[in-house]
Amino acid sequence: MGGGIAASLLAARAGLAASPSQITMRGTKDGGRIWFDPVGLYIEPGQTLRFLNQDGGNTHTSTAYSPDIDGRPLRIPADAKGWDSDYLDPEQAFEITLDVPGVYDFYCRPHEHAGMVGRIVVGRPEDHADWEQNAETGDLPPEILAAFPAVADILSMGRVAAPG
Amino acid sequence: MRSMFLIAAATALAAAPALAEGNLVAPPPAPFAKVSELVPLPDFLPGLGTLYVDPASLPAGPFLGYDHDGKLAATIYMIPVSDLNPDKSFAGLAVGAETVTSVDVYYNAGHAGVEVPHEHIVLWHDAGAKERVAK
């Protein structure tokens, strides 16, 4: 019984790692609501992640919270390199590969004020001694800070859908 | 009361400054410029069309929206939600054409060029205009 449960857990973890690694940018037709889908995602270190703009009427970015990018608060591992996709047209994609374990928070430049943020968790803390989460608040208002999905939820479910 | 409001609204539209006839077909004359060449937005926006604006009129506009054949479909104003207050007003905004068949007003979370929450106020210039720019 115990071995079977352990095997199931390992299989579940492998399933999470093998899931498609893609985050899409979405929006309602009138531009009233915009979001990342999923808003939270788990990937393994070294896994490639693709951001794809599937909002036919808008441009979006995926931009990491890093002091190296527009002096934003540090919300990625200190040894990691942040990214900025620049504006993506509809159906345009941008790929990154994250090697450093930990939590990566990111946002969409023109829509950050509207709460368009997301979170990536790379690796599990119990598997990586250098797993790191930085959560500087900087200039982020409370409503944006509240929009990030919980790390525990991302670890347990693999992906967290946007609310609503 | 309702009929008085409609008469007042029609009178207000008739009194609004109309842009030169050259803007009925894209591209409109200067100082209007293509929005996609000013800010990172797609050339054609489903629901609005290909947009042109005089940059000096931002954020309110008017924006001129053209269909796939270059015919003027709509005049659009973009009013920041924060400007909808007792201390701010927008008067004498020009219209792209004198015929207005319907008006839509809706919230937009923001986009390149108007990166704050705002209201889109869309004046459709003929009955089929909305459908022609829907996609």
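For the structure itself, look to the data block above.
Residues numbered from 1 in each chain as written. Chains lettered and ligands numbered in written order. Predicted model: local features only at pLDDT ≥ 70, side-chain atom pairs only at ≥ 80, totals over all residues. Heavy atoms only, no water.

Okay, the overall build of chain B next. Looking only at helices and strands, chain B has 2 helices and 7 strands in total. Buried positions account for 43% of the 135 residues belonging to chain B. A sequence separation of at least 24 residues applies to 52% of the contacts in chain B between residues at least 6 apart. In the form shown here, chain B has an accessible surface area of approximately 7,000 Å², with 61% of it arising from carbon and sulfur atoms. (Helix = DSSP H or I, 4+ residues; strand = E, 2+ residues; numbered from the N terminus. Buried < 20%, exposed > 50% of the residue type's maximum accessible area, 1.4 Å probe, protein only. Contact = heavy atoms within 4.5 Å. Areas by Shrake-Rupley, 256 points an atom, 1.4 Å probe, with all protein chains shown as cover.)

For the bond running from Asp37 of chain A to Pro38 of chain A, omega is 0 degrees, close enough to zero to count as cis. Here the bond from Ala30 of chain B into Pro31 of chain B is cis, since omega is 15 degrees, no more than 30 degrees from zero. Among the secondary structure elements, Pro31 of chain B is positioned in the loop between α1 (2–15) and β1 (33–34). Of note, the phi angle at Asp70 of chain A is positive, near 60 degrees, even though the residue is not glycine. Among the secondary structure elements, Asp70 of chain A is positioned in the loop between β5 (63–64) and β6 (93–98). Looking at Asp70 of chain A, the relative accessible area reads 51%, which means it is exposed.

Residue and element names in this part refer to chain A. With mixed pairing, 5 strands are arranged side by side in an open sheet as β5-β7-β8-β3-β9. Because the sheet does not close on itself, it has two edges, and the strands there are β5 and β9 (159–160). Summarising the sheet, strand β3 (residues 40–43) and strand β8 (residues 117–122) pair through 4 bridges and their orientation is parallel. For Ile43, the partnering residue across the bridge sits in β8 and is Val122. (Pairing = 2+ DSSP bridges.)

Any functional reading would require information beyond the geometric quantities listed.
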